[in-house]
Amino acid sequence: MTSPAQPRSRTERSADSRALILDAAVACLVSDGYSGASTLAVQARAGVSRGRLLHHFPSREELLVAAASHLVNEMLAEAAEQAEHLDVADPVERVERCVELNWALFQKPPFWAAMELWNAARTDETLRAALRVEERRLNQAIRAAADRIWGPAARANPRYPVLRELLFTSMRGVAIAYSFEDRPAATDPHLSIWKDLAREMLG
């Protein structure tokens with residue numbers, strides 16, 4: 001006989017509802033933008049009570065800043081999974097694949113949700129102050145994700161830190177154009193430029 005499932009603790013239930021709310025906040029930011037990510041919209045998408053949402057996040061700013069932190073964790077987890085499955089022996093092919101995976105980070109929901117927050121923070125002093133720490137964490141997370149994708153061999157190259165920053169700033173700038181460009185990111189003409197740059201800098 002199998003023993004009956006143990007009832008879940010209050011802490012576990014609270015953690016689950018918090019994760020539901022944060023997932024809903026990110027989804028609202030991606031689909032409806034900052035203006036559409038109201039606490040009522042997040043509450044409805046998460047399927048929780050008003051009291052439950054306010055218990056975790058008493059204000060909209062606290063909710064959206066927590067969502068930014070949630071994005072960091074999502075991005076790092078995804079990068080770890082991609083790095084684990086990147087099994088390419090040929091060095092040239094590996095460089096090209098790493099560039100493609102780096103570019104893919106800027107097409108994911110976490111990036112677009114973050115862009116909504118950063119854009120709103122330009123004219124919202126309260127949000128801007130709250131996001132300063134998380135903005136640094138998100139940038140660090142993107143860099144850490146890139147490090148995991150490239151692996152120790154590339155990171156050992158003295159020119160790698162410069163390459164990573166060049167790719168980071170260039171890809172972020174190009175990605176913003178996809179907010180109004182209707183074309184597949186996988187065929188972006190910058191990809192060949194980034195691959196040539198990576199091959200040249202990493203030898």
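Residues numbered from 1 in each chain as written. Predicted model: local features only at pLDDT ≥ 70, side-chain atom pairs only at ≥ 80, totals over all residues. Heavy atoms only, no water.

**Some points on the UniProt feature "domain: HTH tetR-type" (unreviewed entry) in the protein chain**
Note the following rule: UniProt positions are given in the numbering used here, feature names are shortened, and annotations may be inferred rather than shown by experiment. Here a helix means four or more residues in a row that DSSP labels H or I, a strand means two or more in a row labelled E, and each is numbered from the N terminus.
Cross-referencing UniProt, the feature "domain: HTH tetR-type" (unreviewed entry) maps to residues 15-75 in the present numbering. A distance of 20 Å separates the end C-alpha atoms of residues 15-75, which is 87% helix and 0% strand.

**Some remarks on the layout of surface pockets**
If a probe as big as a water molecule is rolled over the atoms, it shows which places are left empty. What counts here: Both site types are read off a 1 Å grid over the protein atoms alone. A 1.4 Å probe that fits but cannot get out defines a cavity, while an open set with protein on both sides within 12 Å along at least five of seven lines defines a pocket; lining residues have an atom within 4 Å of a point. Grid points are joined across faces, edges and corners, and a volume is the space filled by probe spheres set on the points.
In this structure, the largest pocket occupies an estimated 250 Å³ of space. As for the largest pocket, its lining consists of Pro91, Val92, Arg94, Val95, Cys98, Trp150, Ala153, Ala154, Ala198, Arg199, Leu202 and Gly203. Secondary structure elements with two or more residues in the lining of the largest pocket: α5 (91-105), α7 (125-155) and α9 (190-202). No other element matches the five residues that α5 contributes to the lining of the largest pocket.

**Focus: α9**
Put simply, the rule is: A helix is expected to span 1.5 Å multiplied by its residue count minus one. Any residue under 20% of the maximum accessible area for its type is buried, any over 50% is exposed, and the rest in between are partly exposed; the area is computed with a 1.4 Å probe on protein chains only. Here, the arc refers to the directions that run from the helix axis to the C-beta atoms.
The end-to-end C-alpha separation of α9 is 18 Å, in line with the 18 Å expected for 13 residues at 1.5 Å each. Of all the residues in α9, the buried ones are Leu191, Trp194, Lys195, Ala198, Met201 and Leu202. Buried residues in α9, looked at end-on, bunch into an arc of 140°, giving them a common side. What points out from α9, more than 90 degrees from its buried face, is the exposed set Ile193 and Glu200.

**Quick notes on the packing of α5 against helix α8 (residues 160-176)**
In helix packing, the relevant descriptors are the interaxial angle and the interaxial distance, both defined with respect to the helix axes. Definition in use: Between N-to-C directions, angles span 0 to 180 degrees; the directions come from axes that are lines fitted to C-alpha atoms, helices contributing only their stretch in contact. Should an angle fall under 35 degrees it is called roughly parallel, over 145 degrees roughly antiparallel, and 65 to 115 degrees roughly perpendicular, with every other angle called oblique. Note on convention: near helix rotated counterclockwise from far helix by under a right angle means a left-handed crossing. Clockwise means right-handed. In what follows, residue pairs with any heavy atoms lying within 4.5 Å of each other are defined as contacts.
At their nearest, the axes of α5 and α8 sit 9 Å apart, and the two run at 50° to each other. One way to sum up the angle between α5 and α8 is to call them oblique. For α5 against α8, the interelement crossing comes out right-handed. Only Met171, Val174 and Ala175 of α8 make contact with α5, whose side of the interface consists of Val99, Asn102 and Trp103.

**Here's the deal with the packing of aromatic side chains**
Filter applied, for reference: Aromatic contacts are taken between Phe, Tyr and Trp rings whose centres are within 6.5 Å, Trp giving its six-membered ring; a plane angle under 30 degrees counts as stacked, one over 60 as edge-to-face, and the others as tilted. Charge-over-ring contacts are defined here by two conditions on Lys NZ or Arg CZ: a distance within 6 Å of the ring centre and an angle within 35 degrees of the ring normal.
Under the counting rule described, the total for this entry stands at six aromatic pairs. Here the aromatic rings of Trp103 and Trp194 are separated by 5.0 Å at their centres, their planes lie at 55°, and the arrangement is tilted. Residue Trp103 is located in helix α5, and its partner Trp194 is located in helix α9; the two are separated by 91 residues in the primary sequence. On the basis of relative accessibility, which here comes to 3%, the residue Trp103 falls in the buried class. Relative to Tyr160, the ring of Trp150 has its centre 6.2 Å away and its plane inclined at 65°; by these criteria the two rings are edge-to-face. Of this pair, Trp150 sits in helix α7 while Tyr160 sits in helix α8; the two residues are 10 residues apart in sequence, bridging distant segments of the chain. Tyr160 carries the same exposure label as Trp150, and that label is buried. One aromatic cluster is present, formed by Phe106, Phe111, Trp112 and Phe168 through successive ring pairs. In this structure, Arg60 packs its charged tip against the face of Tyr34, placed 4.1 Å from the ring centre. We note Arg143 situated over the ring of Phe168; from NZ or CZ to the ring centre the distance is 4.3 Å.

**Some points on the nonpolar core**
Where we set the bar: We define the nonpolar core as a collection of buried residues of types Ala, Val, Leu, Ile, Met, Phe, Trp, Tyr and Cys that are connected through side-chain atoms lying within 4.5 Å of one another.
One finds Trp103, Phe106 and Trp150 to be the most contacted residues of the largest nonpolar core, which totals 65 residues. If you list the elements that add at least two residues to this core, you get α1 (10-36), α2 (39-46), α4 (60-84), α5, α6 (109-121), α7, α8 and α9. Residue contacts for Phe106: discarding those within four places in its chain leaves Phe111, Trp112, Ile142, Phe168, Met171, Arg172 and Ala175.

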